[in-house]
Amino acid sequence: MALPEHDVADLGLAQAGVRRVEWAERAMPALGRVRDRFAAERPLAGRRIAACMHVTAETANLLRALKAGGAEIALAASNPLSTQDDTAAALVAEYGISVFARAGMDPAAYDRNLATVLERRPHLLLDDGCDLVNIAHLERPELLEEAVAGCEQTTTGVIRLHRMSAEGALRLPMVAVNDTATKRMFDNRYGTGQSTLDGIMRATNAMLAGRTMVVAGFGYCGRGLAERARGMGARVVVTEVDPVKALDAVMQGYTVLPMEEAAPIGDVLVTVTGNRDVVRAEHLASLKDGAVLANSGHFDVEIDLPALEAMAVEVRREVRPQADEYVLGDGRRIVLLAEGRLVNLGAAEGHPAAVMDMSFSVQALTVAWLAENHAELDPGVLEVPRRIDTEVARLELEALGVRIDSLTEGQEEYLNSWRA
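These numbers were taken from a predicted model, which means no experiment stands behind them. Along each chain, residue indices are assigned from 1 in the same order as the chain's sequence is written. Only residues with pLDDT of at least 70 get local features here, since the model is predicted, and only at 80 or more are side-chain atom pairs given and counted; chain-wide, interface and lining totals rely on the full set of residues. Note that the side-chain values use all heavy atoms of the structure and ignore hydrogens as well as water.

## Looking at the pairing of strand β12 (residues 312–320)
Strand pairing is assigned whenever DSSP detects at least two bridges linking the two strands. Here a strand is any run of E in DSSP of at least two residues, a helix any run of H or I of at least four, and the numbering for each starts at the N terminus. As defined by bridge partners, β12 adjoins strand β13 (residues 323–328) across 5 bridges and the pair is classed as antiparallel. Bridging from a neighbouring strand, glutamate 314 pairs with valine 327 of β13. The antiparallel pairing of β12 with β13 creates a hairpin that spans 2 residues between the two strands, and glutamine 322 there sits at a positive phi of about 65°.

Spelled out as C-alpha cells, the structure:
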C-alpha cells in the first residue's frame, strides 16, 4: 500500500500506535457508533479536510470516523509537546491519513506543517486554537478559495474567531464546538480538571493534600480543576477578573483573592484563563521557594516566561521530566512545568478517552452537518445545532446502559402551548 504524504518521527512505531489507538477506542463507544454510521452513509465523500489538532490516540479515532465518512484528511499538530509519535506513525502506516507532526518540533517546523496541510486546498478546517484559520487568513488567503466552513474546539480559539468576525475578517462560517453543553461540562470541566492534575502529579510527584493551589480563572476548566484539587485535600484559592465567576467561586466555598495576594501563598499555581500575562513579573517576584507553575489554559503566554527567564540566575532544565527549575538571585527556586505550555498534554496524555468520546462525536457530526449545509451559512461564528449535542448525549447514555424518561404526549402539548 502506498503511504500518504507525511512527516513523522518513525514509521516503525506504527504498531505501538495502533495498540494505543485501539485502547482509546474501547472508551469511545459513541464515536464508534458515529463511525459505523459514516461508513454506511459516506457524508464526507470527496471532501478534503485540513486539521490542526493534538496528535493523540483520541484524535486518531476522530479522524478514523471522518475517513470512514469519505474524507481525505491532512493533520498537523497543534502542540509539539502533545504529539504522540507512535500515534502519528499509526495514522500514516495503518489508517492511511497524512500527518505532519513530530514530538518536540521547533516553531519553524510547526508553521511549516500548518502551511503544508493548507496547501491541500481543504474544503473544511478543523482547528484547535485558531492557528490554522489565522495563518490561512493572514498569510495564505488564496488557499481559502475552496474552503467552505470549519470547526474550532477551544475557548481560546473561539475568542480569536469572535474578534476576527467582529472586524469583518472571517471569511468562513466557523462552528464553536467548544461552546456545546457536552463540551463545556465534560471536556472542559471533568476532562481538564482530571488531566491537569495528572500532568502536575507526573511532573512533580508532589503531595497535594494540605498544600495551597492557586487556580487562575474560574470558567469551566477552572471549576473542574478546583473541584478535583479540593477533592485531593488541597486548599484552593481562586483568582478571577469576572465578578459573576468570582461570586460563583465564593458560593462554592473557595477563597477568592487577587493574584498579588494569592501568589505569595501558593504552593502550586495553575493558569486556566485563555488570556495572557496572568502571572506577571510582580507575581513571580513574590513566589515562595519551591513554588510550582503550570498552565492549562492553552498558549504559553499565560505565565510571563520572558520575565521568569530574566529574573533567573540559573535554569536547571529537566530536573524531572517536563519540569524546569529557575533559580532566582536570592536562592529561591521556581519550578515551571511543560515549558508553560498545556501541562495536561505536555506532562500527561490529555483528557481521558471517555471524555473525548463526547467532544469528538459532536465534532464529527458537526463536520458532516457543515458538509451538507454550508451553502446556507454566512461567514461568522456559529453554534453547534442543539440536536447534535442532544444526539451525542443520548448515544453516550445508550453506550453506558443508562435509560431515561421521555415526555408524554400531554407533557409535550403542555410545554408547547401558552394556553395550558
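## Remarks on the sheet that holds strand β11 (residues 292–295)
In a beta sheet, neighbouring strands pair by backbone hydrogen bonds and run either parallel or antiparallel. If you walk across this open sheet you meet the 8 strands as β9-β8-β7-β10-β11-β14-β13-β12, and the pairing is mixed. On the outer flanks of this sheet lie β9 (255–256) and β12, each paired with one strand and no other. In terms of strand pairing, β13 meets strand β14 (residues 333–337) through 5 bridges, oriented antiparallel. Its bridge partner lying in β14, tyrosine 326 is registered against isoleucine 334.

## A closer look at a nonpolar patch on the surface
The patches reported here contain residues having more than 30% relative accessible area and no salt bridge. Joining distances are 9 Å for like charges and 5 Å for nonpolar side chains (Val, Leu, Ile, Met, Phe, Trp, Tyr). Only the protein chains shown count as cover for residues, and the accessible areas themselves come from Shrake-Rupley with a 1.4 Å probe. Each salt bridge in this description consists of a side-chain nitrogen of Lys or Arg and a carboxyl oxygen of Asp or Glu lying within 4 Å of one another. Among the surface-exposed residues, Leu247, Val250 and Met251 lie close enough to one another that they form a single nonpolar patch of about 310 Å² accessible area. Within the secondary structure, valine 250 sits in helix α10 (residues 243–251).

## Notes on the side chain of glutamate 58
Of note, glutamate 58 is situated in helix α3 (residues 57–68). Here glutamate 58 is buried and forms no salt bridge, its nearest opposite-charge partner arginine 20 lying at an N-O distance of 7.3 Å. Polar contacts, as counted here, are pairs of nitrogen or oxygen atoms within 3.5 Å of one another; within protein the pair requires one atom able to donate a hydrogen and one able to accept it, and residues that are adjacent in sequence qualify only if both atoms are side-chain atoms. In this structure the side chain of glutamate 58 is engaged in a polar contact, spanning 3.3 Å, whose partner is the side chain of threonine 56. When residues no more than four places from it in sequence are discounted, the contact partners of glutamate 58 are Ala24, Met28, Glu349, His351, Ala353, Met356 and Phe360. Only protein chains enter the accessibility calculation, which uses a 1.4 Å probe; a residue is then buried when its area is under 20% of its type maximum, exposed when over 50%, and partly exposed in between. Only four residue types enter the charge count: Lys and Arg as positive, Asp and Glu as negative, with His and the chain ends excluded. Any two residues whose heavy atoms approach within 4.5 Å at even a single point are treated as in contact.

## Some words on helix α2 (residues 29–41)
To estimate how far a helix should extend, the number of its residues minus one is multiplied by 1.5 Å. Helix length check: α2, at 13 residues, gives a terminal C-alpha distance of 19 Å against a target of 18 Å (1.5 Å per residue), a fit within 8%. Along α2, the residues that are buried comprise Ala30, Leu31, Gly32, Val34, Arg35 and Phe38. Turning to α2, the residues buried within the fold contact α1 (14–26), α3, α15 (353–373) and α16 (386–400). One or two positions beyond α2, positive phi appears at arginine 42, with a value near 50°.

## Topic: helix α7 (residues 155–166)
Taking 1.5 Å of rise per residue, 12 residues should cover 16 Å, and α7 covers 17 Å from first to last C-alpha, within 8% of that figure. For α7, the set of buried residues is Thr156, Gly157, Val158, Leu161 and Met164. Buried residues belonging to α7 abut α6 (131–138), β5 (149–152), β6 (173–176) and β15 (380–382). Downstream of α7 by one or two residues, glycine 168 has phi in the positive range, about 75°.

## A look at the environment of valine 292
Residue position: valine 292 is located in strand β11. Taking the C-alpha atoms as reference points, valine 292 and leucine 144, separated by 148 residues in sequence, lie 43 Å from one another. Ignoring sequence-local partners within four residues, the contact set of valine 292 consists of Thr204, Asp267, Val268, Leu269, Val335 and Leu337.

## Let's talk about the packing of α1 against helix α4 (residues 85–93)
Where helices are involved, their axes are fitted lines through C-alpha atoms of the stretch in contact, as for all axes, and angles between N-to-C directions lie from 0 to 180°. The interhelical angle for the contact between α1 and α4, taken along N-to-C directions, is 100°, at an axis separation of 7 Å. By the angle between their axes, α1 is roughly perpendicular relative to α4. On the side of α1, the interface is formed by Ala14, Ala16, Gly17, Val18, Arg20 and Val21, while α4 contributes Asp86, Thr87, Ala89, Ala90 and Ala93. All residues other than Ala, Val, Leu, Ile, Met, Phe, Trp, Tyr, Cys, Pro, Asp, Glu, Lys and Arg, Gly among them, are scored as polar; the first ten of these are nonpolar and the last four charged. A breakdown of the residues in the contact of α1 with α4 according to their chemical character gives 7 nonpolar, 2 polar and 2 charged. Here is the rule for angles: anything less than 35 degrees is roughly parallel, anything more than 145 is roughly antiparallel, 65 through 115 is roughly perpendicular, and the remaining ranges are oblique.

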